[in-house]
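Below are the chains, spelled out letter by letter.
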Amino acid sequence: MQVAAAITVAASAIALSGCSSSGGGSGSGSGGSSGSTAAASGNATKGSITWWASPITTSGTDPRTVLISAFEKAYPNISVKLVSAPNDTDTNRATLTTQISGGGGPDVYMGDVIWPAQFGAHQLAAPLSKYLPQSYWNTFANGLVAGATYKNQVYGAPFFEDQGFLYYRKDILQADGMSVPTTWDQLVSDAKTAQSKGQVKYGYVFQGADYEGATCNYMEFLADAGGKVLNSNATKSALDSSAAVKALTFEQSLVKDNIAPAASSTFQETQAMNTFSAGDSLFLRNWDYAYSTSQASGSNVIGKVGVAPMPTFSGQSTPGYSNIGGWNLYMNPHSKNQAADLTFIKWMTGNDAQKTLATQFSEIPTNQAVRTSSDVKNANPVLAIVSKTKLIARPSQTPNYPEVSKAIYTAVNGVLSGSTTPSAAIKTASNSINTAVSNGGL
């Protein structure tokens, strides 16, 4: 999978988008889902569905077939045909665009969390909130629905997600009598202590290369600082602010003060992961796969790693924000049996399917009740803290999100590499974003 629209987070979870605006309640931004809903065409308990979905894992039992079997048992008169979609997100998007715009394509498809505006604006996805009531959208964790919303309609049903986590060396924190940091100031202080004692080479490693991952990291700093990228209706940049400069200045200071490697402007997930697994960093920002990777054969930190929600700036409510990645379920507007499609989507985002994804395949569930259940919390250290995190999506409420993201990660990378200042970079990025949102792109 390429990083133009999503980040490859691990061979064991190749379908995940590494990265995806909003705090707010689970129904926040879903104005189209309130009030009465329309009746969908077709039969809700009978028919056939074609499901287009990328592989979720690369080894072992296929979660997709497990879920399909369970669904067909619950709805014996609905048959589901699985079509395995390309792993490369750009190829996946291009193929779907061609198929659906021509009047064909699958009935339901698994798509990136950054697709709602791009697909909704070009009639490549049906507005699910036209058919599903607010009570349905309220079942999801805070922030997910707003990230799936475009022009007050929800186009994607959150299926499974990924997000940023803080990984830490629990052995070093314990040896130094330090608690897990809840603020960025505390993280920097802890890092300096461990570095001064020669316990680690670096205090913190993250993703700052010239690619989508830098946008994901910056969105967390920006949300912590109280800033945002777009105005309320996604028609203009809101980035040119003191909050945006504060966030980028702090990110720059991590490198300038030698808390993070000088080469942070070249780091993607792999470089940050390898540095942490080698035992060279006290803290790591990465996706959910990082815990299992840190405990795999060849790692120097086996048995020494803890995981926590992201920190925030001092004076802000804890925890800090975690950027959203992952996948939604979308419905083809040309599907002949949308009633059955909606039955399938509701079941896949309901308790049974979500619990299966979490406990059998270690995917992060989107359903809030499942996220907070004891079975899920006991499954692994990452799932144990998911319900305590706070989510922020990427600014994908514009059809031309790729250009918006490029403006952000170019600015971040330029500052981290030393070629520009935070203030200048933010102004340039804001101008580029204004140009981007005036276009209609896909």
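Source: prediction; values computed, not measured.

Rules used in this analysis
Residues numbered from 1 in each chain as written. Predicted model: local features only at pLDDT ≥ 70, side-chain atom pairs only at ≥ 80, totals over all residues. Heavy atoms only, no water. Phe/Tyr/Trp six-rings, centres within 6.5 Å; stacked < 30°, edge-to-face > 60°. Helix = DSSP H or I, 4+ residues; strand = E, 2+ residues; numbered from the N terminus. Buried < 20%, exposed > 50% of the residue type's maximum accessible area, 1.4 Å probe, protein only. Pairing = 2+ DSSP bridges. Core = buried A, V, L, I, M, F, W, Y, C linked by side-chain atoms within 4.5 Å. Contact = heavy atoms within 4.5 Å. Polar contact = N/O pair within 3.5 Å; in protein donor to acceptor, adjacent residues only side chain to side chain. Axes fitted to C-alpha atoms, helices over the stretch in contact; angles between N-to-C directions. Parallel < 35°, antiparallel > 145°, perpendicular 65-115°, else oblique. Left-handed = near helix turned anticlockwise from the far one by under 90°. Nonpolar A, V, L, I, M, F, W, Y, C, P; charged D, E, K, R; others polar. pLDDT = per-residue confidence, 0-100.

Visitor: Looking at this model, I keep getting lost on the packing of aromatic side chains. Mind explaining?
Guide: Centre-to-centre distance and the angle between the planes together describe a pair of aromatic rings. Tallying each qualifying case throughout the model produces 23 aromatic pairs. Summarising the aromatic geometry, the rings of phenylalanine 71 and tryptophan 347 are spaced 5.8 Å apart at their centres and angled 65° between planes, so their arrangement reads as edge-to-face. Of this pair, phenylalanine 71 sits in helix H1 (residues 63–74) while tryptophan 347 sits in helix H12 (residues 338–348), placing them 276 residues apart in sequence. For tryptophan 347, a relative accessible area of 14% puts it in the buried group. Seen in terms of ring centroids, tyrosine 109 and tyrosine 330 are 5.3 Å apart; in terms of plane orientation they differ by 15°. Their pairing is stacked.

Visitor: How should the pairing of strand S9 (residues 281–286) be read in this particular structure?
Guide: Two faces belong to every sheet, and in a regular strand the side chains alternate between them. Counted residue by residue, S9 has six buried out of six residues, so it is predominantly covered. Sheet analysis places strand S7 (residues 165–169) next to S9, joined by four bridges and oriented antiparallel. Bridging across to S9, tyrosine 168 finds its partner in phenylalanine 283. Two elements, strand S8 (residues 202–205) and S9, share three bridges in a ladder whose sense is parallel.

Visitor: It is not clear to me how the nonpolar core should be interpreted in this structure. Could you clarify?
Guide: Burial of nonpolar side chains together is a common tendency in soluble globular proteins. Counting residues in hydrophobic clusters, the biggest one holds 70 residues, and the most contacted among them are Tyr109, Tyr204, Tyr218, Val229, Leu239, Leu254 and Ile433. Element by element, the count of residues in this core is highest for helix H17 (residues 401–417), at nine residues. Excluding residues that lie within four positions of it along the chain, tyrosine 204 makes contacts with Leu166, Trp184, Leu187, Leu254, Ile259, Ala260, Pro261, Ser281, Phe283, Leu284, Arg285 and Met310. Ala53, Ile68, Ala157 and Met331 belong to the second-largest nonpolar core, a separate cluster that totals 35 residues.

Visitor: So what exactly am I meant to see when it comes to the side chain of threonine 389 here?
Guide: Here threonine 389 is to be found in the loop between helix H16 (381–385) and strand S13 (390–392). Among the polar contacts listed, one links the side chain of threonine 389 to the side chain of glutamine 163, at a separation of 2.7 Å. At 2.7 Å, the side chain of threonine 389 forms a polar contact with the backbone oxygen of valine 386. Apart from the residues lying within four places of it in its own chain, the contact partners of threonine 389 are Gln163, Phe165, Pro309, Pro319, Ser322 and Arg371.

Visitor: Quick question: what am I supposed to make of the packing of helix H9 (residues 242–256) against helix H18 (residues 422–437) here?
Guide: When two helices pack together, you describe them by how their axes are tilted relative to each other and by the distance separating the axes. Direction vectors running N to C along H9 and H18 enclose 130°, while the axes themselves pass 9 Å from each other. Taken as axis vectors, H9 and H18 run oblique relative to one another. Between H9 and H18 the crossing geometry is right-handed. Note on element contacts: H18 touches H9 through Pro422, Ser423, Ala425 and Ile426, opposite Ala244, Val245, Leu248, Thr249 and Gln252. Here the residues of the contact of H9 with H18 sort into six nonpolar, three polar and no charged.

Visitor: Any chance you could explain unusual backbone geometry here in plain terms?
Guide: Most peptide bonds take the trans configuration, and most residues that are not glycine carry a negative phi. A cis amide bond links threonine 318 to the next residue, proline 319, at an omega of 0°. Looking at the secondary structure, you find proline 319 in the loop between strand S10 (305–308) and strand S11 (321–331). Positive phi outside glycine occurs at alanine 234, with the angle close to 55°. With respect to the helices and strands, the residue alanine 234 is situated in the loop between helix H8 (212–224) and H9. Residue class for alanine 234 comes out buried when judged on its relative accessible area of 12%. Of note, the phi angle at asparagine 258 is positive, near 65°, even though the residue is not glycine. Within the element layout of this structure, asparagine 258 appears in the loop between H9 and helix H10 (269–277). Residue class for asparagine 258 comes out exposed when judged on its relative accessible area of 55%.

Visitor: Can you walk me through the confidence of the model for the protein in this structure?
Guide: Low pLDDT means the predicted atomic positions in that stretch should not be read closely. Mean pLDDT over the protein stands at 92; residues scoring 70 or higher make up 91%. Ignoring residues within four places in sequence, the model shows residues 1–18, a span with pLDDT below 50, making 78 contacts including any to other chains. Predicted confidence for residues 20–34 stays below pLDDT 50, and this span has 59 contacts to residues more than four positions away or in other chains.

Visitor: Even after reading the chapter, I still don't get the pairing of S11, so can you show me in this structure?
Guide: Extensive coverage of S11 is indicated by the burial of eleven of its eleven residues. Judged from the five bridges that link them, strand S3 (residues 108–112) and S11 form a sheet pairing that is antiparallel. Each bridged residue has a counterpart across the sheet, and for aspartate 112 the counterpart in S11 is tryptophan 327. Pairing geometry for strand S6 (residues 157–163) and S11, over six bridges, is antiparallel. Residue pairing across strands places aspartate 162 opposite glycine 325, the latter belonging to S11. Strand direction decides the pairing type here: S11 and S13, joined by three bridges, are parallel.

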